[in-house]
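Each chain, written out:
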Amino acid sequence: MAKVDELRRMIAEANNLVAFTGAGISTESGIPDYRSPGGVWTKYRPIEFGDFLASAEARREAWRRKFASDEVMQRATPNAGHRALARLCEQGKMTAVVTQNIDGLHQASGVPGDKVIELHGNATYAACLDCRRRYELDWVREIFAIDEGLPLCTDCGGIIKTATISFGQSMPEAEMERAHAVTLAADLFIVLGSSLVVYPAAGFPILAKRNRARLVIVNREPTEQDDIADLVINAEIGATMSRVVGVN
Ligand SMILES: [Zn+2]
């Protein structure tokens, strides 16, 4: 209880709050943590970006997996953790949500799209790898439904892929730069549901702390960076943040 009060006080004292979210905030919405033991990636080897580019069969396999698993993501709705962050944005406290998640639940909870910085992209739509034109998954699904046809960009003929960052694909430059800038401007940096093991994303809390922001970590399990944090809360994110912010 005391820790919840302390976090509430730190938020009240902050002028420039940045949230950094990982899989743990979305598992409470039923989205599986792909990297966890028993997660999808321990059963199927991830398709590397180079293989996706080089092989039509790898692209077919990627779309097969996407459509087989997509129902979970379509059904998922934001939970109290997402809603608490949306409320802090509404109150003008929160500058940005930097996220490792690809599920679009921050936007769905009411955080304005321009405040969500997606380091690993977004799996709720697709995009041309060459010209970045956006395509909806329903359109891809229709093409794929006919003999596993592969979608090509109607503008430039480029390869279309879900708008996520795959293994072997470089991090999105513009998002990395924006995340860097908001981190340097933050006076309070709150990590929610990330075990902070995936770099370069996990470098942002360290950067915030070095830049004299206060660092808070809310995660069910201990993380790699607990020893540099000003406050660590090992608990459910939704339950904790709804008490801190006062949302349901
Ligand atoms: Zn294109």
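Residues numbered from 1 in each chain as written. Predicted model: local features only at pLDDT ≥ 70, side-chain atom pairs only at ≥ 80, totals over all residues. Heavy atoms only, no water.

A separate point is the overall build of the protein. Assigned secondary structure in the protein consists of 11 helices and 9 strands. Radius of gyration (C-alpha) of the protein: 19 Å, near the 18 Å computed for a compact globule of 248 residues. Along the longest, intermediate and shortest principal axes, the C-alpha atoms of the protein span 60 × 30 × 30 Å. For the protein, the share of sequence-separated contacts (at least 6 apart) that also reach a separation of at least 24 residues comes to 68%. (Helix = DSSP H or I, 4+ residues; strand = E, 2+ residues; numbered from the N terminus. Rg over C-alpha atoms; globule rule 2.2 N^0.38 Å. Contact = heavy atoms within 4.5 Å.)

Here we take up the pairing of strand E7 (residues 188-192). Extensive coverage of E7 is indicated by the burial of 5 of its 5 residues. Inspection of the sheet shows strand E1 (residues 17-21) paired to E7 by 5 bridges, in the parallel sense. The residue bridging Val18 from the neighbouring strand is Phe189, located in E7. Bridge analysis of E7 against strand E8 (residues 214-218) gives 5 bridges, and the strand direction is parallel. (Buried < 20%, exposed > 50% of the residue type's maximum accessible area, 1.4 Å probe, protein only. Pairing = 2+ DSSP bridges.)

With an omega of 10 degrees, the peptide bond between Tyr199 and Pro200 qualifies as cis. Structurally, the position occupied by Pro200 is in the loop between E7 and helix H10 (203-210).

Right, let's get into the packing of aromatic side chains. Applying the stated criterion to the full structure yields 4 aromatic pairs. With 5.6 Å between their ring centres and 20 degrees between their planes, Trp63 and Phe67 make a pair best called stacked. Note that Trp63 and Phe67 are positioned in helix H5 (residues 56-75) at a spacing of 4 residues, about one turn of the helix. Classification of Trp63 as buried rests on a relative accessible area of 2%. (Phe/Tyr/Trp six-rings, centres within 6.5 Å; stacked < 30°, edge-to-face > 60°.)

It is worth spelling out the environment of Ala108 at this point. Within the secondary structure, Ala108 is located in helix H7 (residues 105-108). Along the primary structure Ala108 and Arg83 are separated by 25 residues, whereas in three dimensions their C-alpha atoms are 9.3 Å apart.

On to the pattern of salt bridges. Under the criterion given, the structure shown has 19 salt bridges. Here Asp230 ties to Lys209 by a salt bridge, and the two come within 2.9 Å at their closest N and O atoms. Of the two residues, Asp230 is situated in the loop between E8 and strand E9 (231-233) and Lys209 in helix H10; the sequence distance between them amounts to 21 residues. The partly exposed category is assigned to Asp230, whose relative accessible area is 38%. With a relative accessible area of 27%, Lys209 lands in the partly exposed category. In this structure, Glu236 engages Arg220 in a salt bridge whose closest nitrogen and oxygen atoms are separated by 3.5 Å. Of this pair, Glu236 sits in the loop between E9 and helix H11 (237-245) while Arg220 sits in the loop between E8 and E9, and the two are 16 residues apart along the sequence. (Salt bridge = Lys/Arg side-chain N within 4 Å of Asp/Glu carboxyl O.)

Every protein donor of the zinc ion is accounted for by Cys128 (SG), Cys131 (SG), Cys153 (SG) and Cys156 (SG), and the metal-donor separations fall at 2.3 Å. Of note is the zinc ion, whose 4 donor atoms meet at the metal with angles of 98 to 121 degrees in an arrangement that counts as tetrahedral. Between consecutive donor residues of the zinc ion, the sequence gaps follow C-x2-C-x21-C-x2-C. In this pair, Cys128 is assigned in strand E4 (residues 121-128) and Cys153 in the loop between helix H8 (137-145) and strand E6 (160-164), connecting sequence segments 25 residues apart. A residue is classified by how much of its surface remains accessible, and Cys128, at 0% relative accessible area, is buried. (Donors = N, O, S within 2.8 Å, 3.2 Å for Na, K, Ca; no water. Tetrahedral: all angles 85-135°; square planar, octahedral: opposite > 155°, others 65-115°.)

In this section: the nonpolar core. In terms of nonpolar packing, the biggest core is built from 29 residues, with Leu7, Leu85 and Ile190 touching the most fellow members. Among the secondary structure elements, those contributing two or more residues to this core are helix H1 (2-13), E1, helix H6 (80-90), strand E2 (94-99), E7, E8, E9 and H11. When residues of this core are assigned to their parent elements, the largest contribution, 5 residues, is made by H6. The contacts of Leu85, once residues within four sequence positions are left out, are Ala19, Thr21, Ile25, Met94, Val97, His106, Val111, Leu192 and Met241. (Core = buried A, V, L, I, M, F, W, Y, C linked by side-chain atoms within 4.5 Å.)

One open sheet accounts for 6 strands, arranged E3-E2-E1-E7-E8-E9; its pairing is parallel. Across the chains shown, the open sheet's two edge strands, defined by having one partner strand only, are strand E3 (116-118) and E9. Direction aside, the axes of adjacent strands within the sheet are offset by 15 degrees on average. Sitting on the sheet, H1 is in contact with E1, E7, E8 and E9, with an inclination near 130 degrees to E9. (Axes fitted to C-alpha atoms, helices over the stretch in contact; angles between N-to-C directions.)

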